[in-house]
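A structural walkthrough
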Amino acid sequence: MASADTTELSDILERLKQCGLRMTRNRQKLVEVLMESDRPLSADELRQEAGFSSTDLVTVYRNLEAFQSAGILQRIPLENGSQLFELTDLGDHYHHLICRECHKTERLEVCLGEQLSEKAKTLGYSKIAHVLEVYGICRQCSTATG
Ligand SMILES: [Zn+2]
Ligand SMILES: [Zn+2]
């Protein structure tokens, strides 16, 4: 499932500009790689696909952080503590179903967050957000392993 279907490069450039971020060549390359990929990528995969050297991983992380604060990037945490990244539409909220074998991800069109934020509100919290991802083994992978 392509994550960038509805996201245009021009929208992304506009969004970055609004957040006061310059579109450098590195940033443009990273955005292109994310748009072309049909699945979320790890920072190191991004670095390789963008043709950056292994010493550039810090740069990749720094730019991903900037993208995230601009609201164009979603971070997908994996069970092993690593993470994947995909482009997202501004203000989009959804959860992922992630295969722990092949790291295929699908969007789950369901959110149980209301209960969580109601509870958090009763404890006096504001600006409440939540991260909830669901892990399993996809049909393809469970067939492959028998
Ligand atoms: Zn799988
Ligand atoms: Zn939710």
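What counts as what
- Residues numbered from 1 in each chain as written.
- Chains lettered and ligands numbered in written order.
- Predicted model: local features only at pLDDT ≥ 70, side-chain atom pairs only at ≥ 80, totals over all residues.
- Pairing = 2+ DSSP bridges.
- Helix = DSSP H or I, 4+ residues; strand = E, 2+ residues; numbered from the N terminus.
- Axes fitted to C-alpha atoms, helices over the stretch in contact; angles between N-to-C directions.
- Core = buried A, V, L, I, M, F, W, Y, C linked by C-beta atoms within 7 Å.
- Buried ≥ 20, exposed ≤ 12 C-beta atoms within 10 Å, placed from the backbone.
- Contact = placed C-beta atoms within 7 Å.
- Domains from an automatic or database assignment.
- Nonpolar A, V, L, I, M, F, W, Y, C, P; charged D, E, K, R; others polar.

Quick notes on the sheet that holds strand β5 (residues 105-108)
With respect to topology, 3 strands assemble into an open sheet ordered β5-β4-β6, the strand pairing being mixed. What marks the edges here is a single partner per strand, and that holds for β5 and β6 (134-136). Taking each pair of neighbouring strands and ignoring which way they run, the sheet shows an average axis angle of 25°. Where strand β4 (residues 95-99) meets β6, 3 bridges bridge the pair, whose relative direction is parallel. Paired with Leu97 across the two strands is Val134, which belongs to β6.

Topic: the pairing of strand β2 (residues 73-77)
Note that β2 and strand β3 (residues 83-87) share 5 bridges and pair antiparallel. Looking across to β3, one finds that Leu73 is bridged to Leu87. The loop that links β2 with its antiparallel partner β3 comprises 5 residues; one of these, Gly81, has a positive phi angle of about 95°.

A closer look at the nonpolar core
Across soluble globular proteins, nonpolar side chains show a tendency to be buried alongside one another. Within the largest apolar cluster, 15 residues are counted, with the highest numbers of intra-cluster contacts made by Leu30, Leu34, Leu41, Leu46, Ile72, Leu73 and Phe85. Breaking this core down by element, the ones donating at least two residues are α1 (9-18), α2 (25-36), α4 (57-69) and β3. Excluding anything up to four places from it in sequence, Phe85 contacts Leu34, Pro40, Leu41, Ala43, Leu46, Leu64, Leu73 and Arg75.

Here's the deal with the domain arrangement of the chain
Considered domain by domain, the chain is made up of domain 1 (1-89) and domain 2 (93-146). Between the C-alpha centres of domain 1 and domain 2 there is a distance of 21 Å. On the domain 2 side, the residues contacting the 8 residues of domain 1 number 11 residues. Taken together, the residues that form the side of domain 1 that touches domain 2 break down as 6 nonpolar, no polar and 2 charged.

What about unusual backbone geometry?
A positive phi is found at His103, a non-glycine position, where the angle reads about 65°. If you trace the backbone, His103 turns up in the loop between β4 and β5. For Lys127, which is not glycine, the phi torsion reads 50° and is therefore positive.

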